[in-house]
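Inside the fold
What follows is the residue order along each chain.
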Amino acid sequence: MNMIRLLVIIIIILIALSIYLVLIINGQKRIMYQNKKELRRILGINEYAYQMILIEIKHRPLRSRLEALKIRKIAIYGMGELGERIMDDIIQNTSIELLYGIDRDARHKKMIIPIYTLEEAMSREKPDLVLLTTYTEGDELRLKIENKMDTKVLSLKEIIYAE
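So, here's what we can say about the structure. These numbers come from a predicted model, not from an experiment. (Residues numbered from 1 in each chain as written. Predicted model: local features only at pLDDT ≥ 70, side-chain atom pairs only at ≥ 80, totals over all residues. Heavy atoms only, no water.)

This part takes up the pairing of strand E2 (residues 97-102). The element E2 is extensively covered by neighbouring structure, given that five of its six residues are classed as buried. Where strand E1 (residues 73-77) lies against E2, five bridges are found, and the strand directions are parallel. When the bridges of E2 are listed, Lys73 appears paired with Glu97. Following the backbone out of E1, through helix H3 (residues 81-93) and into the adjacent parallel E2, one traces a crossover that is right-handed. Summarising the sheet, E2 and strand E3 (residues 115-116) pair through two bridges and their orientation is parallel. Looking at the pairing, Ile102 lines up with Tyr116 of E3. (Buried < 20%, exposed > 50% of the residue type's maximum accessible area, 1.4 Å probe, protein only. Helix = DSSP H or I, 4+ residues; strand = E, 2+ residues; numbered from the N terminus. Pairing = 2+ DSSP bridges. Right-handed = clockwise from strand over helix to strand, strands pointing away.)

Shown next as structure tokens:
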């Protein structure tokens, strides 16, 4: 009887250790996935910055591309570092009216323009264009904005690579 009890305890301990190891492995996979996503985002931002430099060198700055699209009012989605740089360029170098920024973390952003969540932006003035500065969110986000705000949406990548 004691031998059976000992075997049951050993089996329970082994099962518990197996579950613990599975949880640790899954946690490491999640961390690795998050790191890969962050690395993709950083590489994307670097690629955008590089392309913007090339555009400036070719004397075809972002402002010319936006003005060529007949954009009068714009909103920027994604007010991180790249969104701030685009905001500064639009404010300082164009006649385009920058209505507001849109960001998931709008409450924590303090800038010279109002920053709203997407839900809040839906009740604000409609821009001619929402410029996506996010690298990783892509088509899902575009469709969401187009459907909710009923306006044109272009990614920074599309504007940069447009001829």
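Here the narrative resumes.
Time to look at the sheet that holds strand E5 (residues 152-155). Read from one edge to the other, the open sheet built from five strands follows the order E3-E2-E1-E4-E5, with strand pairing classed as parallel. Edge strands, defined here as strands with exactly one partner in the open sheet, are E3 and E5. Pairing analysis gives four bridges linking strand E4 (residues 129-132) to E5, with the strands arranged parallel. Bridge pairing in E5 links Leu129 to Lys152. Packed on one face of the sheet, H3 meets E1, E2 and E4 and runs near 165° to E1. (Contact = heavy atoms within 4.5 Å. Axes fitted to C-alpha atoms, helices over the stretch in contact; angles between N-to-C directions.)

Any link to function would need more than the numbers given here.
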